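Each chain, written out:
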Amino acid sequence: LVQQTLRENGSNRSEAVQVPSKKKKKWRIALVTIVGFMILSWIVYLTPMALPLCKATAPLRAFVAGGSAEGKRIECIFNRATKKQDADLCQQIASEEVKDQCVREILIAFSSEANDRKDATLDEFNNIETCWTQAPSAKKYLCISYIAQQQKNTQYCGLLLTVSLQDECLFGIIAIAKQDQDSCPLIHKETTRNTCYRTIARKKGMPDICKNITNQASRDDCYYWIALAQHSVGLCSSIQPETKTLS
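Keep in mind that this is a model prediction, so the values were computed, not measured.

**Notes on the confidence of the model for the protein chain**
When pLDDT is low, close inspection of the predicted coordinates is not appropriate.
Then comes step 1: On average, the protein chain scores 77 in pLDDT, and the residues at 70 or more come to 66%.
Then comes step 2: Here helix α1 (residues 2-46) stands out as the least confident element of the protein chain, with mean pLDDT 49; helix α8 (residues 190-204) is the most confident, with 97.
Then comes step 3: When the criterion is pLDDT under 50, residues 14-20 qualifies, and its contacts beyond four places in sequence or with other chains add up to zero contacts.
Then comes step 4: In this model, residues 37-63 is a region of pLDDT below 50 whose contacts with residues beyond four sequence positions or in other chains number 29 contacts.

**Topic: helix α7 (residues 163-178)**
Then comes step 1: For α7, the principal kink sits at Phe171 and spans about 25°.
Then comes step 2: Restricting attention to buried positions, one finds in α7 the residues Ser164, Leu165, Gln166, Asp167, Cys169, Leu170, Phe171, Gly172, Ile173, Ile174 and Ala175.

**Some details on the packing of aromatic side chains**
Then comes step 1: The tally for this structure, following the rule as stated, stands at one aromatic pair.
Then comes step 2: Summarising the aromatic geometry, the rings of Tyr224 and Trp225 are spaced 5.2 Å apart at their centres and angled 80° between planes, so their arrangement reads as edge-to-face.
Then comes step 3: Classification of Trp225 as partly exposed rests on a relative accessible area of 32%.

**Quick look at the pattern of salt bridges**
Then comes step 1: What the rule picks out here adds up to five salt bridges.
Then comes step 2: Salt-bridge contacts for Asp221 lead to Arg198; the nearest nitrogen and oxygen are separated by 3.8 Å. Of this pair, Asp221 sits in helix α9 (residues 216-230) while Arg198 is found in helix α8, placing the two residues 23 residues apart along the sequence.
Then comes step 3: Counted as one network, the salt bridges with shared partners bring together Asp100, Arg104 and Glu168.

**Some details on the environment of Leu186**
Then comes step 1: With respect to the element layout, Leu186 can be found in the loop between α7 and α8.
Then comes step 2: Leu186 sits in the partly exposed class, given a relative accessible area of 44%.
Then comes step 3: Considering only alpha carbons, one finds Leu186 and Phe171, 15 residues apart in sequence, at a separation of 9.3 Å.
Then comes step 4: Contacts of Leu186, omitting those with residues within four sequence positions, involve Thr154, Leu170 and Ile174.

**A word on the state of the cysteines**
Then comes step 1: With the rule as written, the count across this model stands at five disulfides.
Then comes step 2: Here Cys184 pairs with Cys196 through a disulfide, and the sulfurs are 2.1 Å apart. On the S-S bond that ties Cys184 to Cys196, the torsion sits near -75°, and the link is left-handed. In this pair, Cys184 sits in the loop between α7 and α8 while Cys196 sits in helix α8, placing the two residues 12 residues apart along the sequence.
Then comes step 3: Accessibility expressed as a relative area gives 0% for Cys184, which makes it buried.
Then comes step 4: A sulfur-sulfur distance of 2.0 Å marks the disulfide that ties Cys210 to Cys222. Disulfide Cys210-Cys222: the torsion about the S-S bond is -65°, which places it as left-handed. Of the two residues, Cys210 is situated in the loop between α8 and α9 and Cys222 in helix α9; the sequence distance between them amounts to 12 residues.
Then comes step 5: You can call Cys222 buried: its relative accessible area is 0%.
Then comes step 6: For the protein chain, the disulfide bridges join cysteines in the arrangement 1-2, 3-4, 5-6, 7-8, 9-10, where the cysteines are counted in sequence order.

**Topic: the packing of α8 against α9**
Then comes step 1: With their axes 10 Å apart at the nearest point, α8 and α9 run at an angle of 10° to one another. Judged by the angle between their axes, α8 and α9 are roughly parallel. Judged by residue contacts, Asn194, Arg198, Ala201 and Arg202 of α8 engage Ser218, Asp221, Cys222, Trp225 and Ile226 from α9.
Then comes step 2: Each residue belonging to the contact of α8 with α9 can be placed in one class, and the counts come to four nonpolar, two polar and three charged.

**Let's talk about the nonpolar core**
Then comes step 1: By size, the foremost hydrophobic cluster in this structure holds 51 residues, and its most contacted members are Ile147 and Cys196.
Then comes step 2: If you list the elements that add at least two residues to this core, you get α2 (69-84), α3 (96-117), α4 (128-131), α5 (137-151), α6 (154-157), α7, α8 and α9.
Then comes step 3: Apart from the residues within four sequence positions on either side, Cys196 is in contact with Phe171, Ile174, Ala175, Cys184 and Ile187.

**What about the side chain of Asp167?**
Then comes step 1: With respect to the helices and strands, the residue Asp167 is situated in helix α7.
Then comes step 2: The buried charged residue Asp167 lacks any salt bridge partner; its closest oppositely charged side chain belongs to Lys189, at an N-O distance of 5.9 Å.
Then comes step 3: Once residues within four sequence positions are removed from consideration, Asp167 is found in contact with Ile187, His188, Lys189 and Thr192.

About the criteria used
- Residues numbered from 1 in each chain as written.
- Predicted model: local features only at pLDDT ≥ 70, side-chain atom pairs only at ≥ 80, totals over all residues.
- Heavy atoms only, no water.
- pLDDT = per-residue confidence, 0-100.
- Helix = DSSP H or I, 4+ residues; strand = E, 2+ residues; numbered from the N terminus.
- Contact = heavy atoms within 4.5 Å.
- Bend = angle between axes of the 7 residues up to and from the residue.
- Buried < 20%, exposed > 50% of the residue type's maximum accessible area, 1.4 Å probe, protein only.
- Phe/Tyr/Trp six-rings, centres within 6.5 Å; stacked < 30°, edge-to-face > 60°.
- Salt bridge = Lys/Arg side-chain N within 4 Å of Asp/Glu carboxyl O.
- Disulfide = S-S within 2.5 Å.
- Axes fitted to C-alpha atoms, helices over the stretch in contact; angles between N-to-C directions.
- Parallel < 35°, antiparallel > 145°, perpendicular 65-115°, else oblique.
- Nonpolar A, V, L, I, M, F, W, Y, C, P; charged D, E, K, R; others polar.
- Core = buried A, V, L, I, M, F, W, Y, C linked by side-chain atoms within 4.5 Å.
- Lys, Arg positive; Asp, Glu negative; His and termini not counted.

Dropping the structure here:
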């Protein structure tokens, strides 16, 4: 009887010891699961490759086709960038057209909010170095564009994120501020480059500049308006027959 009692007591002690051990094991598993989930969440949040997992909130109907994985990734980057007003995020978009739309929406939204808040204007900045310290990045790129125009420095235009924004910056300096036709080739897009030549030719009244325009209709338009302004019938001979009836 004594031996049986001792055996039962020993068994109870063993069970009493084992129960806490099982509980600890369950808590460890739960803790590891929670920590693992947190780490995974941060990876999803911070890793650009995980961006397709984001929930789309503003579909880019004009650009995202067929709901492909790449389309969802582009849509997600766009949404995150515009929500955070982080223009640098737009650089992860391969499509130049969508990237340009992404950056423009951010710059427009930031400018509008700044006006509503009546924030200090960009006049406070007088050198390109101060632009890089600005946050959010929307302010940084507005600052760069502002300094480029103020200082008429075409090199600063290259710091902007998209080709379209760079060309607009260059056009403002070359065609409007400097009226320097020799610098029009710095502009990337043919249509903007042709507009650069046409604008300067008309402002200066110099038809010889029109010959640099690669598009026939645009070149004829350049000759046409200078001919009207100068009342020069002779210039009409430079216009191709099918476009002489422009009005």
